[in-house]
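Spelled out from the first residue to the last, the chains are:
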Amino acid sequence: LCSLSGIDPERAPSGLDHEEAKRLLAAFKQVKVKSPPVDCLSPIGEELVKAGLEKEYRLDFIATTVRPVAVYLGNPFLVEVGLGYGGEMEKEGRVEILRFANRVPLVYQQGACAITHALEAVPWKNYSLAQPSGGGVPVGQAVLLVHVASTNIPFTSESKDAVADVPEILTEIDLGLKEVARKLRRYLTRQSALSERREKE
């Protein structure tokens, strides 16, 4: 870092001026830091997420993803997302949300949870799910499962019912949701193309 920023490594941090601090910060962004170890985390795994959704619901389509390990305040964490669509899910109802933290289901305080906040911020109409008010929980025959695994889950309270809005966690949930949403959009596009072809035939 010091060679990248041109700062003497023996200098005390308190002796850096504003320009030197900016150069040091830019050097931090250039250096590739090794990912934290994952053996301390207990993810569910894509196969089990899919198997769980298949067991609980009759679905036409399931998409899953596991985000790479990320870090917030020195704590490693990873996000897993599963999306099930169609089958016997209600067409007019809100999408069902299944929230998990370290494999434990979060039953209460859904509205106060980072998982719900990240889900509400996604523009679902771009991914073929309705969002009547232009935001919020989407409407459609789908179920979303989000699991956050970490050595230190930041809960909003001691009751451990909701994950706190940590920017790094919100970003990873957002990316995971968008990844499975793109898979859903591709599936629905293929289905509509197939039905059009059948009609023409």
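Residues numbered from 1 in each chain as written. Predicted model: local features only at pLDDT ≥ 70, side-chain atom pairs only at ≥ 80, totals over all residues. Heavy atoms only, no water.

Engineer: Tell me what's going on with a positive patch on the surface, and back it up with residues and numbers.
Structural biologist: A contiguous patch of positive charge on the surface is contributed by Arg182, Arg185, Arg186 and Arg190. Within the secondary structure, Arg190 is located in helix α5 (residues 167-200). Residue class for Arg190 comes out partly exposed when judged on its relative accessible area of 48%. (Patch = residues over 30% accessible without salt bridge, like charges linked within 9 Å, V, L, I, M, F, W, Y side chains within 5 Å. Areas by Shrake-Rupley, 256 points an atom, 1.4 Å probe, with all protein chains shown as cover. Salt bridge = Lys/Arg side-chain N within 4 Å of Asp/Glu carboxyl O. Lys, Arg positive; Asp, Glu negative; His and termini not counted. Charge placed at Lys NZ, Arg CZ, Asp CG, Glu CD. Helix = DSSP H or I, 4+ residues; strand = E, 2+ residues; numbered from the N terminus. Buried < 20%, exposed > 50% of the residue type's maximum accessible area, 1.4 Å probe, protein only.)

Engineer: Residues and numbers for the pattern of salt bridges, please.
Structural biologist: Applying the stated criterion to the full structure yields five salt bridges. A salt bridge links Glu88 to Arg58; the shortest N-O distance between them is 3.1 Å. Placement of the pair is Glu88 in the loop between β3 (75-85) and β4 (96-101) and Arg58 in the loop between α3 (46-56) and β1 (61-66), with a sequence separation of 30 residues. By relative accessible area, Arg58 is classed as exposed at 60%. Here Glu179 makes a salt bridge to Arg67, at a shortest N to O gap of 3.6 Å. You can see Glu179 sitting in helix α5 and its partner Arg67 sitting in the loop between β1 and β2 (70-72), a full 112 residues away along the chain.

Engineer: Any chance you could break down the nonpolar core for me, citing the residues and the numbers?
Structural biologist: By size, the foremost hydrophobic cluster in this structure holds 39 residues, and its most contacted members are Tyr85, Trp124, Leu144, Val163, Ile173, Leu177 and Leu184. Counting only elements with at least two residues in this core, the list comes to β1, β2, β3, β4, α4 (114-121), β6 (142-150) and α5. In terms of residue count, α5 provides more of this core than any other element does, eight residues in total. Discounting residues that sit within four places of it in the chain, Trp124 has contacts with Leu83, Leu119, Leu129, Gln131, Pro138, Leu144, Leu177 and Ala181. Listed in part, the ten residues of the second largest apolar core include Val49, Ile62, Met89 and Val143. (Core = buried A, V, L, I, M, F, W, Y, C linked by side-chain atoms within 4.5 Å. Contact = heavy atoms within 4.5 Å.)

Engineer: I'd like a rundown of the environment of Ala51, residues and numbers included.
Structural biologist: Considering the arrangement of structural elements, one finds Ala51 in helix α3. For the pair Ala51 and Leu83, spaced 32 residues apart in the sequence, the C-alpha separation amounts to 12 Å.

Engineer: I'd love a proper account of the side chain of Arg67, names of residues and values included.
Structural biologist: Arg67 sits in the buried class, given a relative accessible area of 17%. Only 2.9 Å separates the side chain of Arg67 from the side chain of Glu172, close enough to count as a polar contact. The contacts of Arg67, once residues within four sequence positions are left out, are Leu78, Val79, Glu172, Leu175, Gly176 and Glu179. (Polar contact = N/O pair within 3.5 Å; in protein donor to acceptor, adjacent residues only side chain to side chain.)

Engineer: Go over the environment of Thr156 with me, naming the residues and quoting the values.
Structural biologist: In this structure, Thr156 sits in the loop between β6 and α5. For Thr156 and Ala114, which are 42 residues apart along the polypeptide, the C-alpha to C-alpha distance reads 9.3 Å. Excluding its chain neighbours within four sequence positions, the residues that come into contact with Thr156 are Gln109, Ala112, Ala162, Val163 and Ala164.

Engineer: Give me the lowdown on the pairing of β6, citing residues and values where you can.
Structural biologist: Within β6, nine of the nine residues are buried, which leaves the element mostly enclosed by the surrounding structure. The alternating pattern of β6 places Ala142, Leu144, Val146, Val148 and Ser150 on one face and Val143, Leu145, His147 and Ala149 on the opposite face, and all of these are buried. Sheet topology places β3 next to β6; nine bridges connect them, and they run antiparallel. For Glu80, the partnering residue across the bridge sits in β6 and is His147. (Pairing = 2+ DSSP bridges.)

All we've got here are geometric facts, nothing functional implied.
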